[in-house]
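Each chain, written out:
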Amino acid sequence: MRARIGRLPLVALAVLAGSACSNAPLHKQAAVPAAPPEPPPAVRVALPATTLTEEQRIVHVLNRLGYGPRAGDVERVRQMGLAKWIERQLEPSRIPDERVEAALQAFPTLTRSVPELVLAYPEPDPKLLAKVQSGEMTQQEMRQMAPPERRPFRIPAELQAAKLTRAVMSERQLEEVMTDFWFNHFNVDVRKGAVKWMVADYERTAIRPYALGKFRDLLLATARHPAMLFYLDNWMSTRPDLVVVFGPNKGRKMGLNENYAREIMELHTLGVDGGYTQEDVLEVARAFTGWSIERPREKGTFLFQTAAHDQGAKKVLGHVLPAFGGEQDGIRVIDILSRHPATARFIATKLVRRFVSDEPPPALVERAAQTFRDTDGDIRKVVATIVSSPEFFSAGAYGAKIKKPIELVASAVRAAGGEIAPPGEPGSQQVGGGLALAMQVAKLGEPLYQQQPPTGYPDVAEAWVNTGALLNRLNFALALAQNRIPGVQVDLGRALGTADRHKPQQVLDALLASLLQGQVRPETRTVLAAQLDNPEIIRATPDDRKAAGGRPAANTDVDKLAALVLGSPEFQRR
């Protein structure tokens, strides 16, 4: 049985929280048409002066705009030019990504519509559940009638696996970061009722296409999507005097539900201090009455119910919405909120916190908010303002953000050159590397698509740093280094290169260069070097020491040493 990281000395755990050269006859060479000139980028990026070295700037960008560098990434970015690399990431459709697209073929639920998923992955028949409860049928017999590959939980499981697959493999790293950011901003919990059938469509059609687009389009897409309508109960919000006249709820008195109205202002646009009142909440709720879902557990598509809409005039943040506006009332609210100055500041603050610091520099927030206002909420240009700022490239921002669990897991796999295997055929016990990694993310405190509060997961260090979390992160690092995560294969031999395993210092130097790009503080290097005499690292027993004249006989345990490097403060931060 392999040792766990918890057996290593506590002190370590505490501190490590070409055609021109062809010989072919000229007359046989086919004329190669010149490649068309590359169109100009959507956004020009000019990098500011900084005290960071070129290597540090590249590592910093790879960590903040993506899920960390892979072997060779730093040199590839250096050859392309850092500004050009950022410009391409801001325009992901120009980056080929065939490898990840092929890998995603293993997850068929990702591209299916909500009605198709409801039909293909139904909930267990209530009659079968009744038979199990009465003892007429066993749980095993019911499972055979509803095999795992046809159960609804497969939808979020494939979405989780796809998220890790994209984070690790995609060349469009900023698009993945922004998709994660906006899903968290417009959070829904897959465990709430019919959301499980809607969540994949929600991310595919309401979040991802607008992740670097116009904020107003993103806000409208999320507001109309059944996943959001169900999660925040707006699909049941009606004018106050509505009584259901037919169906299973015949005679039921319906009414106004304020949940979505409150959250769209507090969490999605203005912020808690955005200057709205309780009266504004009521008026926004009235504007969205009738924005509903057609048969959530059968069809699950957006439906505007005219009979449920409050046709009276409304007044939102000083703007009058005339009577009988119908569905357009909600769209008018989207326009008002998305272009409100408080929204510009609120969104700019969250983006600066994500990319720069837990304590967003006020001057940068103001410049980003100004870009938001000047461009009608063009997210791509707001992000460009932030990631080309002196604050972003400052020494204080370098390595200052603690990685969230998904960032830690994906970056560790990328740094170690990990390969992700697809899941097995339906009915197989082979879960695939993507889902196995998502389960690791959950163990570290961030079960994906399962955050119950509408706030989403926090993006500040104190939410993720404590003694238990550090031990869990070190145990994950050891499991990864020892290839104990199903469906994930790392080859630390490539990281070692020509380093001699019998010379622990060489092994450590090679791991620091490969996993941390050599970006390690003297304090960390000293602590790690102190472990090179540890019998668990050099695999030496007292008898070995005696035979070697008291000096340790080294056969370096590369896995454990790599785990300690991945557990270092430098790797825990981005």
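Relevant structure appears above.
Quick caveat, the model's predicted, so the values are computed rather than measured.

Here is what the cut-offs are and how they apply
Residues numbered from 1 in each chain as written. Predicted model: local features only at pLDDT ≥ 70, side-chain atom pairs only at ≥ 80, totals over all residues. Heavy atoms only, no water. Helix = DSSP H or I, 4+ residues; strand = E, 2+ residues; numbered from the N terminus. Buried < 20%, exposed > 50% of the residue type's maximum accessible area, 1.4 Å probe, protein only. Areas by Shrake-Rupley, 256 points an atom, 1.4 Å probe, with all protein chains shown as cover. Pairing = 2+ DSSP bridges. Salt bridge = Lys/Arg side-chain N within 4 Å of Asp/Glu carboxyl O. Core = buried A, V, L, I, M, F, W, Y, C linked by side-chain atoms within 4.5 Å. Polar contact = N/O pair within 3.5 Å; in protein donor to acceptor, adjacent residues only side chain to side chain. Contact = heavy atoms within 4.5 Å. Lys, Arg positive; Asp, Glu negative; His and termini not counted. Axes fitted to C-alpha atoms, helices over the stretch in contact; angles between N-to-C directions. Parallel < 35°, antiparallel > 145°, perpendicular 65-115°, else oblique. Nonpolar A, V, L, I, M, F, W, Y, C, P; charged D, E, K, R; others polar. Phe/Tyr/Trp six-rings, centres within 6.5 Å; stacked < 30°, edge-to-face > 60°.

## Regarding the overall build of the protein chain
A count of helices and strands for the protein chain gives 29 helices and six strands. Overall, the C-alpha framework of the protein chain stretches about 90 × 70 × 65 Å when taken along its three principal axes. Here the protein chain holds 574 residues, and 53% of them are scored as buried. When the accessible surface of the protein chain is summed, it comes to about 25,800 Å², and 55% of that surface belongs to carbon and sulfur atoms.

## Focus on the pairing of strand β2 (residues 301-304)
When strand β1 (residues 291-294) meets β2, the two strands line up antiparallel, connected through four bridges. By the bridge assignment, Glu294 is partnered in β2 with Thr301.

## Observations concerning the pattern of salt bridges
In the structure shown here, the tally under the stated rule is 49 salt bridges. When the shortest N-O distance is used, the salt bridge between Arg204 and Asp201 registers 2.8 Å. Of this pair, Arg204 and Asp201 both sit in helix α11 (residues 195-207), three residues apart, roughly one helical turn. Note on Arg204: relative accessible area 28%, which makes it partly exposed. A salt bridge links Arg521 to Glu570; the shortest N-O distance between them is 3.2 Å. On the criterion of sequence distance, the pair formed by Arg521 in the loop between α24 (504-515) and α25 (522-530) and Glu570 in helix α29 (residues 569-572) is long-range, its members being 49 residues apart. Owing to a relative accessible area of 17%, Glu570 belongs among the buried residues under this scheme.

## A closer look at the nonpolar core
Of all hydrophobic cores here, the largest spans 160 residues; its most connected members are Met178, Trp182, Phe355, Ile386 and Leu511. Here the element with the most residues in this core is helix α9 (residues 154-169); it accounts for nine residues.

## Observations regarding the side chain of Lys401
Mapped onto the secondary structure, Lys401 falls in the loop between α19 (379-387) and α20 (405-415). Only 2.8 Å separates the side chain of Lys401 from the backbone oxygen of Arg353, close enough to count as a polar contact. Separated by 2.8 Å, the side chain of Lys401 and the backbone oxygen of Asp459 make a polar contact. Excluding residues that lie within four positions of it along the chain, Lys401 makes contacts with Arg64, Arg353, Arg354, Val356, Ser357, Asp358, Asp459, Gln572, Arg573 and Arg574.

## What to know about the environment of Phe355
Summarising the element assignment, Phe355 is placed in helix α17 (residues 341-355). The exposure class of Phe355 is buried, given its relative accessible area of 0%. For the pair Phe355 and Ala49, spaced 306 residues apart in the sequence, the C-alpha separation amounts to 18 Å. With sequence-adjacent residues up to four places away left out, Phe355 is seen in contact with Arg64, Leu65, Leu174, Val177, Met178, Val383, Ile386, Val387 and Phe392.

## Topic: the side chain of Lys350
Relative to the helices and strands, Lys350 is located in helix α17. For the buried Lys350, which has no salt bridge, the nearest side chain bearing the opposite charge is Asp459, at an N-O separation of 8.0 Å. Those residues in contact with Lys350, other than ones at most four positions away along the chain, are Phe181 and His185.

## A word on the packing of helix α2 (residues 54-64) against helix α3 (residues 73-80)
Look at α2 against α3: their axes get within 10 Å of each other, and the N-to-C directions meet at 110°. Judged by the inter-axis angle, α2 sits roughly perpendicular to α3. Taking contact as the criterion, the partners of Glu54, Glu55, Ile58, Val59 and Leu62 in α2 are, on α3, Asp73, Val74, Val77 and Arg78. When grouped by side-chain class, the residues that make up the contact of α2 with α3 number five nonpolar, no polar and four charged.

## So, the environment of Gln430
With respect to the helices and strands, the residue Gln430 is situated in the loop between β5 (419-420) and α21 (433-443). Each C-alpha atom, one on Gln430 and one on Val565, is 30 Å from the other, the two residues being 135 residues apart in sequence. When sequence neighbours within four positions are dropped, the list of residues in contact with Gln430 reads Pro422, Pro423 and Gly424.

## What about α19?
One turn of an α-helix holds 3.6 residues; hence residues three or four places apart share an orientation. Along α19, the residues that are buried comprise Ile379, Val382, Val383, Ala384, Ile386 and Val387. Packing partners of the buried residues in α19 comprise α4 (82-89), α10 (173-185), α12 (215-224), α17 and α18 (362-374). Near the N-terminus of α19, the side chain that reaches the backbone nitrogen of Arg380, with its oxygen 3.1 Å away, is that of Asp378.

## Some points on α2
When you tally the buried positions in α2, you get eight out of eleven residues, the bulk of the element. Of all the positions in α2, only Gln56, Ile58, Val59, His60, Val61, Leu62, Asn63 and Arg64 are classed as buried. Residues of α2 that are buried sit in contact with α3, α4, α10 and α17.

## Regarding the packing of aromatic side chains
Any aromatic ring pair is given by two values, namely how distant the centres are and how the planes are angled relative to each other. As enumerated under the stated definition, the model contains 13 aromatic pairs in all. Ring geometry for Phe183 against Tyr449: centres 4.9 Å apart, planes inclined by 90°, an arrangement best described as edge-to-face. Pair noted here: Phe183 is in helix α10 and Tyr449 is in the loop between α21 and α22 (467-481), with a separation of 266 residues, a long-range link. In terms of burial, Phe183 and Tyr449 fall into one category: buried. Counting every residue linked through ring pairs, the aromatic cluster contains Phe181, Trp182, Phe186, Phe215 and Phe372.

## Points about the environment of Gly213
Take Gly213: it is sitting in the loop between α11 and α12. Distance from Gly213 to Val45, taken between C-alpha atoms, is 17 Å for residues 168 residues apart in sequence. When sequence neighbours within four positions are dropped, the list of residues in contact with Gly213 reads Gly377, Asp378, Ile379 and Arg380.

## Points about unusual backbone geometry
Here Asp233, not a glycine, exhibits a phi torsion of approximately 70°, which is positive. Here Asp233 lies in the loop between α13 (226-231) and α14 (259-268). In this model, Gln517 sits at a positive phi of 55°, which is unusual for a non-glycine residue. Assignment of secondary structure puts Gln517 in the loop between α24 and α25. For Gln517, a relative accessible area of 15% puts it in the buried group.

Without other data, these values stay purely geometric and don't point to any function.
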